[in-house]
Each structure stands twice: as C-alpha cells, then as structure tokens.
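# Commentary on secondary and tertiary structure
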Amino acid sequence: MIPGSFEYHRPESVDGAIALLNEHGDEARLLAGGHSLIPMMKLRMAVPSHIVDLQAIDSLHGISEDGGELVIGALTTQHEVLISDLLARKCPIIPEAAALIADPQVRYCGTIGGNVANGDPGNDMPAIMQALGARFRAVGPNGSRDIAARDYYEAAYFTELEENEVLTQIRIPTPAAGHGAAYEKQKRKIGDYATAAAAVILTVESGRCTSASIALTNVASTPLYAEAAAGALVGTDLGADAVDTAVRLAEEITEPTSDGRGPADFRTHVAGIMVRRAIARAQKNAG
Ligand SMILES: Cc1cc2nc3c(=O)[nH]c(=O)nc-3n(C[C@H](O)[C@H](O)[C@H](O)COP(=O)(O)OP(=O)(O)OC[C@H]3O[C@@H](n4cnc5c(N)ncnc54)[C@H](O)[C@@H]3O)c2cc1C
C-alpha cells in the first residue's frame with residue numbers, strides 16, 4: 001500500500017518531459033493516469049525515484065481526424081474515448097473496447113497512451129491497435145518516429161519504446177466506411193483482465209469478405225496479431241469452413257500462462273470462442 005519516496009516533476013511540454021527522462025535515466029518513470037503504475041509502486045514492484053507527470057502537457061490531450069487518420073493524444077482518458085462521437089462514427093471498436101476496460105473510476109483516470117505503452121499483456125487496447133494497423137508516435141531527444149502497434153510489443157513489459165521517449169499519439173488509419181468490427185472479451189468479473197479476448201475488423205462486399213484483421217489479448221506475453229487467421233477469411237463468404245480455419249489458426253499462435261483465470265489449454269479454447277463470436281458480430285456489423 002505504501003510506495004517508496006520519489007521526487008515529483010510536472011513538465012508543461014514534451015521536450016520538458018524528455019529532458020527529465022534524459023537527466024534521471026532509469027530512475028525516472030512517466031506518469032499518465034497512474035492506474036497501472038501507482039498500483040505497482042504501492043506493491044514496491046516499481047520504485048522510481050523520479051515521477052514525471054504528463055498531465056500538464058496540453059498537446060497530449062484530444063481526439064481528431066487528420067487526413068485519412070484518426071489521431072488520439074496519449075493522455076486522452078478511456079472515458080473520453082468512450083464518449084467520443086468521432087470514434088463512435090468512424091471507429092466504434094475503440095469505444096466498445098474502452099467500455100470493457102476496468103470500471104468508471106479507473107476510466108476517468110487511465111489513459112489510452114498508458115494502456116498501450118504499459119506493456120502488460122492484460123491491457124485491452126494493444127490488440128485493438130494491432131487489428132486496426134495503428135502506429136504509435138514516440139518523441140525522444142532526436143525527434144519523433146512512428147512504431148507500428150504490430151511491432152511494438154516484445155515481451156511482458158518490454159516494448160520498442162526507448163527509456164527517454166514519450167509516446168505522444170496513437171495514429172489509426174480511418175477504417176473503411178461500412179467496415180464491421182467487434183471486440184469480444186471473456187473475463188471473470190468487471191475490472192478483470194481478459195481470460196482471453198479477440199478483436200476482429202472486416203469488410204464485406206456482395207457477401208464476400210474483402211479484408212480482415214484479427215488480434216488477441218492476454219493469451220501470450222504480448223498481444224498477438226493473428227495474420228494467418230484473418231487471411232483464412234479473406235475471399236470467402238465467411239461460411240463455417242472459413243471460420244473454423246480462422247479459429248484454429250488463431251488458437252495455434254496462443255501461448256497463455258495458467259493462472260487464476262484457468263489453465264493454459266482452457267484459455268486457448270476461450271480465445272477460439274472469442275474469435276468465433278467476434279467474427280460473427282463483425283460480419284453482422286458490416287455493411
Ligand atoms: C482495478 C483496475 C482494473 C483494470 N482493468 C483493466 C482492464 O480490464 N483492461 C485494461 O486494459 N486495463 C485495465 N486496467 C489498467 C488501466 O486501464 C490503466 O489505467 C492503464 O493500463 C494504464 O494507463 P494509465 O494512464 O493509468 O498509465 P500509468 O499507470 O500512468 O502508466 C503505465 C505505464 O505506462 C507508461 N506510460 C504512460 N503513459 C506514457 C506515455 N505517454 N509515454 C510513454 N510511457 C507512458 C508509464 O511510465 C508506466 O510505465 C485496470 C486498472 C485497475 C486499477
């Protein structure tokens with residue numbers, strides 16, 4: 001319950017935050033909504049001696065559309081995502097997933113940037129971002145670079161982000177009008193991380209699936225982009241054979257741990273069920 005002591009910083013610009021990260025190296029941690037970091041500090045699993053709070057950096061807040069991309073500032077809260085008209089119209093899988101994350105109080109504080117930066121395989125937004133083909137904009141001392149969500153996650157809590165970089169934006173190619181999407185999450189209770197979850201996004205023309213993408217949550221040490229599973233749907237009428245193949249290919253790439261959510265083989269089985277349900281609902285939503 002009691003964290004270690006630390007010095008608190010509240011920069012007003014991204015450059016200011018980067019300067020603090022450079023100065024204090026791995027002694028410093030960025031603080032966004034604090035609803036993953038502070039619990040870890042209370043357990044002393046994280047003992048940073050410098051906290052760099054990002055909340056006062058105005059440029060990190062907000063949701064907009066820029067050309068063909070939806071741009072979500074890293075400090076946008078899950079609540080703001082949940083009530084965004086723009087996302088409801090153009091990319092409803094994001095608010096749909098936000099509603100399945102944690103609980104109202106956590107969603108008022110937790111940010112989408114913190115959710116994707118964190119590196120906990122239990123977080124839901126990373127798989128959504130992989131399914132959407134999103135890019136994460138990282139700003140460091142040498143400028144900015146974009147990292148594909150599909151390349152960002154290396155292992156539990158290990159990501160492509162450097163210690164002196166700030167994730168500033170999530171940039172999502174605006175999904176095609178009429179696409180269908182669904183996020184199916186099996187969990188033990190409200191506020192729990194998934195036993196398994198699946199994001200599916202697809203387009204259908206004249207009864208044929210013309211594009212598909214699938215990603216999985218919490219069935220490996222990272223989110224999983226299920227490329228082969230999605231490939232099994234494209235060009236088909238989403239009939240039983242195609243769906244069975246997609247489910248099997250998705251199950252094959254899972255490597256869950258056994259924990260309080262059940263043994264590994266059960267979680268793989270649940271992942272398959274989530275994929276099946278998400279495909280069915282995405283198909284229904286398409287058009
Ligand atoms: C009771 C409870 C239930 C929860 N249930 C779920 C759930 O079902 N699904 C789910 O996905 N999450 C869940 N969460 C986690 C919650 O959504 C977190 O808020 C979120 O994962 C992290 O976002 P944050 O803004 O709180 O980040 P913080 O806790 O502030 O930071 C998390 C990590 O990310 C880093 N970080 C944050 N922002 C940036 C940035 N802009 N650039 C670089 N690094 C950054 C921090 O340094 C830290 O290492 C739950 C949390 C609680 C307390």
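The rules behind the values
Residues numbered from 1 in each chain as written. Predicted model: local features only at pLDDT ≥ 70, side-chain atom pairs only at ≥ 80, totals over all residues. Heavy atoms only, no water. Buried < 20%, exposed > 50% of the residue type's maximum accessible area, 1.4 Å probe, protein only. Helix = DSSP H or I, 4+ residues; strand = E, 2+ residues; numbered from the N terminus. Pairing = 2+ DSSP bridges. Near = heavy atom within 4 Å. Polar contact = N/O pair within 3.5 Å; in protein donor to acceptor, adjacent residues only side chain to side chain. Nonpolar A, V, L, I, M, F, W, Y, C, P; charged D, E, K, R; others polar. Core = buried A, V, L, I, M, F, W, Y, C linked by side-chain atoms within 4.5 Å. Contact = heavy atoms within 4.5 Å. Domains from an automatic or database assignment. Buried area = accessible area lost by both parts, 1.4 Å probe.

## Observations concerning the pairing of strand S12 (residues 196-205)
With respect to burial, S12 is a largely interior element, 8 of its 10 residues being buried. Inspection of the sheet shows strand S11 (residues 180-186) paired to S12 by 7 bridges, in the antiparallel sense. Looking at the pairing, Gly180 lines up with Leu202 of S12. Across 9 bridges, S12 lies against strand S13 (residues 208-217) in antiparallel orientation. What sits directly across from Ala199, in S13, is Ala215. Counted along the chain from S12 to the antiparallel partner S13, the turn is 2 residues long, and its residue Ser206 has a positive phi close to 45°.

## Observations regarding the site of the ligand
Taken together, 30 residues surround the ligand, and among them Leu30, Gly33, Leu37, Thr111 and Asp124 come closest. Side-chain polar atom of Gln78 to an oxygen atom of the ligand: 3.1 Å apart, as the coordinates give it. Listing elements by their share of the shell around the ligand, those giving two or more residues are strand S2 (28-31), helix H7 (112-117) and strand S10 (166-173). Grouping the amino acids of the shell around the ligand by side-chain chemistry returns 14 nonpolar, 12 polar and 4 charged.

## Notes on the nonpolar core
Counting 52 residues, the largest nonpolar core has Ile93, Ile94, Met125, Met129 and Ile170 as its most contacted members. With 6 residues, the single largest contributor to this core is helix H8 (residues 125-132). With residues near it in sequence (within four places) discarded, Met129 still touches Ile94, Ile112, Val116, Ala134, Phe136, Ala149, Ile170 and Ile172. Counting 31 residues, the second-largest nonpolar core is a separate cluster that includes Ala182, Ile214, Leu224 and Ala271.

## Digging into the domain arrangement of the protein chain
The figure often quoted for interface size is the accessible area lost as the parts come together. Considered domain by domain, the protein chain is made up of domain 1 (7-53), domain 2 (61-172) and domain 3 (180-285). Computed from C-alpha atoms alone, the centre-to-centre distance between domain 2 and domain 3 is 20 Å. Taken together, the contact between domain 2 and domain 3 spans 23 residues of the former and 24 residues of the latter. Each partner contributes to the roughly 1800 Å² buried at the junction of domain 2 and domain 3, and carbon and sulfur atoms together form 62% of this total.

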